[in-house]
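# Structural characterization, general
Now for the letters of each chain:
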Amino acid sequence: MRILYVFFVCGVCALGVKAAPSTLDSTQSTSTTSTTSTTSTTSTTSTTSTTSSTSSTSQDTTLQSPFSQSPAFDDPASKSPISQGFIGQRIYGQGDRGFDDKGFESALGSPTKEEQLASEYSSQNLQDEVESLLKESKHQVNLAELLEAAKSNDSLQAQLLQVESNRQIARVAKIGFIPKLDVDYSLQHSYSDLRSLDANAMKFGQFGNYRTQNFNARFSLDLFSGFSTINLIRERAATYRSSVANAEYAKQSIYLQVIQEYYSYFNNLSQLLSLKRKYEEVRSDETRVKRLYDAGLSTIDDLESLRSQLSLTEYQIADMKLSVEQNLFMLRYLTKLEFDGLVRQDISTPRLSSDEQRQDIVALSEQTKALEFQKRQYHFYPTVTVADTYTYRIEKPDYVTRADPQFGNFMARQFPTHANTVTLTATFTLFDKITTGFQRQSYQLNKLSKQKELAYKQAEKQKDEALYRKRLEIAKSQIRSSEASLKSANISFENVRKRYNSQLVNFTDYLRSLSTKYDAESTYNQALNNYELQKANYIFYSGQQIQEYVK
C-alpha cells in the first residue's frame with residue numbers, strides 16, 4: 001500500500017509540473033491579447049502595436065534611458081495648456097502604458113517663464129484682455145466722442161451748406177409779396193443836323209442840338225398773379241424742408257457707419273486676441289513635439305499637422321490685423337479725428353415704436369409737395385398789376401424852353417416838369433396757355449412718380465422696423481446661447497485636455513476642442529457687439545435719433 005501511495009503522489013506531482021507551464025503560457029497569452037487590444041485603441045501605427053507586448057521591466061528601463069539624463073530636454077514646454085498632455089500617439093517601444101506624468105515631466109524638464117505666462121494668458125477672460133490692450137493707447141475716444149466728431153464730416157457739411165442755400169432761396173420767394181420800387185436817372189444828349197431842311201417846314205429846326213435830364217421812380221404791385229406767388233413761396237419752403245430732412249438723414253447714416261465700424265473694430269480685435277492665444281498654444285505644442293520627434297518618439301504627421309495649423313493661424317492673424325487697421329482708418333475718415341485707441345461704450349436700449357417718421361421719407365414727402373406747388377404756378381388766370389410812375393424833368397430840351405410862340409404852350413404841356421402816372425394792367429396770354437397745359441401735365445406725372453416712390457419707402461420703413469425689431473430680439477437671445485456655448489466649450493476643453501494628458505484622446509480631437517473653445521469665445525464677443533449694432537440699426541431704420549441713445 002505504501003508503495004502504491006508513493007507512486008500516486010509522484011504521479012500527481014509529475015502532472016502538476018507539466019500543467020504549470022501550460023497555465024503560465026495561457027496567462028501570458030491572455031495578457032498579450034489584452035495589451036494588444038488596448039494598444040490598438042490608442043495608437044495609429046502597426047509598429048506600436050507590435051512593440052506594445054514587451055514586459056513591464058523593459059518599459060521602465062526604456063522610460064529612463066533616452067530622456068532623464070539627456071541635455072536636449074533641459075528647455076521643456078510641459079506646463080503649457082496644450083503641452084501638458086501627450087500627443088495622442090503611442091510612443092515607439094514603450095509598451096501599453098506609455099509615459100506616466102512623472103516620466104513625461106522628467107523627459108521635458110520644468111516649464112520656462114514664458115510658458116508659465118502663456119498658461120496664465122490662456123486663462124484670462126477675453127473681454128478683460130481687450131480692455132487691458134486698449135489701456136496702452138495714448139489717445140482713446142469713446143463712441144459719444146466719435147459721433148460728436150462725425151459732425152465735421154465733409155459730406156455732412158456739404159448737406160448743411162445746401163440747407164442754408166435753400167433757406168436763403170425760400171426767403172427770396174417771400175419777397176414776391178413786397179411791391180417793387182424802381183428808381184432811375186437818365187442823361188441824354190442829342191445832336192441832329194437840320195441845315196438841309198427847309199426852315200419854313202420846321203420852325204424849331206434850329207434847336208436840333210439839345211440835352212435832357214430826367215429822374216424816374218416807379219412803384220408796382222401785382223394785385224393778382226393767378227396764385228403763382230403764394231405757390232412759389234410754398235414750393236421753396238417745401239424744398240427747404242426736404243433739404244433739412246436729407247441733411248438729417250445723411251447725419252444719421254454717417255452715425256450708423258461710425259457705429260458699424262466701431263463695433264466691427266471690437267469684433268475683429270476680439271478675434272485677433274483669440275487667434276493670438278491659439279497661436280501661443282499651438283506654437284508651444286509644436287516646440288514640444290519637435291523635441292519628441294528629434295528623439296524618435298513622435299511621428300512626422302503630428303509635427304507637420306501642428307506646423308500647418310501654426311501657419312494657418314499666422315495667416316488668420318495677419319488678415320485680422322488688417323481688418324482692425326481698416327476699421328481705424330474708416331473711423332478716422334468718417335470723423336476726421338486722430339486717435340490710436342477706442343473705449344468700448346454701450347448703446348441705451350431703444351424705445352420700440354413704429355410711429356416715428358424716417359427722415360428720408362420726410363424728404364421725399366416734401367419733394368412731392370414741392371412738385372405740386374410748382375405745377376400750380378402754371379395757371380390759366382389773367383394777371384393784374386398796378387403801377388405808379390413819377391417823373392421829374394431836371395433839364396428839358398431847348399426846343400421846349402425856347403420854342404416858337406406858335407408851339408410854346410403845346411410843348412410846355414407835353415414836357416411838364418413834374419409828372420405822375422398811375423397804371424392798372426390786366427394781362428391774359430392766349431397761345432401761351434397751350435404750353436402751360438403741357439407743363440402742368442409734366443409736373444403732374446412727376447408728382448405721381450414721387451408718390452409711388454413715397455408709398456414704396458413707407459412700406460419699406462414698416463418692413464425694416466419689423467425686421468430690425470426681430471433682429472434685436474434674436475441678437476439678445478444669441479448672447480444667452482453663445483454664453484451657454486462658451487461655458488460648455490470651456491468645460492469640454494478642460495475634460496478633453498485632461499484626457500489628452502492621460503493619452504485617452506488623439507491629437508486631432510484635442511485640436512478640435514481647442515478650436516471650438518476659441519471659436520466660442522469669439523462668438524460670444526461677437527454676440528455682445530452684434531447686440532449693440534442691432535440697437536443702432538433699429539434706432540436708425542425706425543426713424544429715431546441715434547445720438548439720443550449714446551451719452
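Residues numbered from 1 in each chain as written. Predicted model: local features only at pLDDT ≥ 70, side-chain atom pairs only at ≥ 80, totals over all residues. Heavy atoms only, no water.

### Details of the sheet that holds strand S6 (residues 418-427)
- Pairing is antiparallel across the open sheet formed by four strands, whose spatial order is S2-S3-S5-S6. At either margin of the open sheet sits one strand with a lone partner, and together these are strand S2 (180-190) and S6. Taking the axes of each pair of neighbouring strands and ignoring which way they run, one obtains an average angle of 20° across the sheet. (Pairing = 2+ DSSP bridges. Helix = DSSP H or I, 4+ residues; strand = E, 2+ residues; numbered from the N terminus. Axes fitted to C-alpha atoms, helices over the stretch in contact; angles between N-to-C directions.)

### A few points about the packing of helix H9 (residues 228-294) against helix H15 (residues 507-541)
- Between H9 and H15, the shortest axis-to-axis distance is 10 Å and the interhelical angle comes to 170°. Put simply, H9 runs roughly antiparallel to H15. (Parallel < 35°, antiparallel > 145°, perpendicular 65-115°, else oblique.)

### Overview of the packing of aromatic side chains
- This model, assessed by the stated rule, comprises 11 aromatic pairs.
- Judged by centre distance (5.1 Å) and plane angle (75°), the rings of Tyr262 and Phe266 are edge-to-face. On the criterion of helical spacing, the pair formed by Tyr262 and Phe266 is a turn pair, its members being four residues apart in helix H9. Here the two residues Tyr262 and Phe266 agree in accessibility, since each one is buried.
- Residues Phe540 and Tyr541 carry aromatic rings whose centres are separated by 4.9 Å and whose planes lie at 90° to one another, so their mutual orientation is edge-to-face.
- Residue Tyr541 is classed as partly exposed on the basis of its relative accessible area, which comes to 21%.
- A network of ring pairs unites the aromatic residues Tyr249, Tyr468, Phe540 and Tyr541 as a single cluster. (Phe/Tyr/Trp six-rings, centres within 6.5 Å; stacked < 30°, edge-to-face > 60°. Buried < 20%, exposed > 50% of the residue type's maximum accessible area, 1.4 Å probe, protein only.)

### Comments concerning the pairing of strand S5 (residues 383-395)
- Looking at chain direction, strand S3 (residues 210-224) and S5 are connected through 11 bridges and run antiparallel. Paired with Phe219 across the two strands is Asp388, which belongs to S5.
- Here S5 runs beside S6; their pairing, made up of 10 bridges, is antiparallel. In the sheet register, Thr391 faces S6, and the bridge partner there is Ala419.

### Observations concerning the pattern of salt bridges
- Taken as a whole, this structure holds 28 salt bridges when the rule is applied.
- The shortest N-O distance in the salt bridge between Arg167 and Glu164 comes to 3.2 Å. Pair noted here: Arg167 and Glu164 are both in helix H8 (residues 154-174), with a separation of three residues, about one helical turn.
- Among the residues examined, Arg167 registers a relative accessible area of 30% and is labelled partly exposed. (Salt bridge = Lys/Arg side-chain N within 4 Å of Asp/Glu carboxyl O.)

### Description of the nonpolar core
- Counting 49 residues, the largest nonpolar core has Leu143, Val258, Ile259, Leu342, Ile347 and Ile546 as the members making the most contacts within it.
- Elements with a contribution of two residues or more to this core: helix H7 (143-149), H9, helix H10 (300-335), helix H14 (432-501) and H15.
- Top contributing element to this core by residue count: H9, with 15 residues.
- Apart from residues no more than four positions distant in its own chain, Ile347 is found in contact with Leu143, Ile259, Tyr263, Glu532, Lys535, Ala536, Ile539, Tyr549 and Val550.
- Formed by five residues, the second largest nonpolar core is a distinct cluster that contains Leu472, Ala475, Ala527 and Tyr531. (Core = buried A, V, L, I, M, F, W, Y, C linked by side-chain atoms within 4.5 Å. Contact = heavy atoms within 4.5 Å.)

### Quick word on the confidence of the model for the protein
- Of the residues in the protein, 70% have a pLDDT of 70 or more, and the chain-wide mean is 75.
- Of all secondary-structure elements in the protein, the lowest mean pLDDT belongs to helix H3 (residues 56-64), at 33, while helix H11 (residues 359-376) reaches the highest, 94.
- Predicted confidence is poor over residues 1-124, with pLDDT under 50, and the contacts of this stretch with residues over four places away or in other chains come to 154 contacts.
- Contacts from residues 199-205, a stretch scored under 50 in pLDDT, to residues over four places away or in other chains number two contacts. (pLDDT = per-residue confidence, 0-100.)

### Some remarks on the side chain of Ser515
- With respect to the secondary-structure elements, Ser515 resides in helix H15.
- For Ser515, a relative accessible area of 16% corresponds to the buried category.
- Of the polar contacts made by the side chain of Ser515, one reaches the side chain of Lys278; its length is 3.3 Å. (Polar contact = N/O pair within 3.5 Å; in protein donor to acceptor, adjacent residues only side chain to side chain.)

### A closer look at unusual backbone geometry
- Within the chain, Phe227 stands out as a residue other than glycine whose phi angle is a positive 65°.
- Mapped onto the elements of the fold, Phe227 is located in the loop between S3 and H9.
- When its relative accessible area of 49% is taken as the criterion, Phe227 is described as partly exposed.
- Notably, Lys336 is not glycine yet its phi reads approximately 55°, a positive angle.
- Mapped onto the fold, Lys336 is located in the loop between H10 and strand S4 (341-342).

### Topic: empty space enclosed by the protein
- As enumerated under the stated definition, the model contains two cavities of 30 Å³ or more in all.
- Lining the second largest cavity are Tyr249, Gln252, Arg358, Gln359, Phe540, Gly543, Gln544 and Gln545.
- Across the lining of the second largest cavity, the residue classes tally to two nonpolar, five polar and one charged. (1 Å grid on protein atoms, 1.4 Å probe; cavity = no way out; pocket = protein on both sides within 12 Å on 5 of 7 lines; lining within 4 Å. Points joined across faces, edges and corners; volume = space filled by probe spheres on them. Nonpolar A, V, L, I, M, F, W, Y, C, P; charged D, E, K, R; others polar.)

### Notes on the environment of Ser228
- Tracing the sequence through the fold places Ser228 in helix H9.
- Assessed through its relative accessible area of 19%, Ser228 is described here as buried.
- It is 7.7 Å that separates the C-alpha atoms of Ser228 and His379, two residues lying 151 residues apart in sequence.
- Residues within four places of Ser228 in sequence aside, it is in contact with Gln377 and His379.

### Some thoughts on H14
- Relative to the 104 Å expected for 70 residues at 1.5 Å per residue, H14 spans 97 Å between its end C-alpha atoms, a close match to the ideal helical length.
- Where H14 ends, the next residue or the one after it, Gln503, has phi of about 65°, a positive value. (Expected span 1.5 Å × (residues − 1).)

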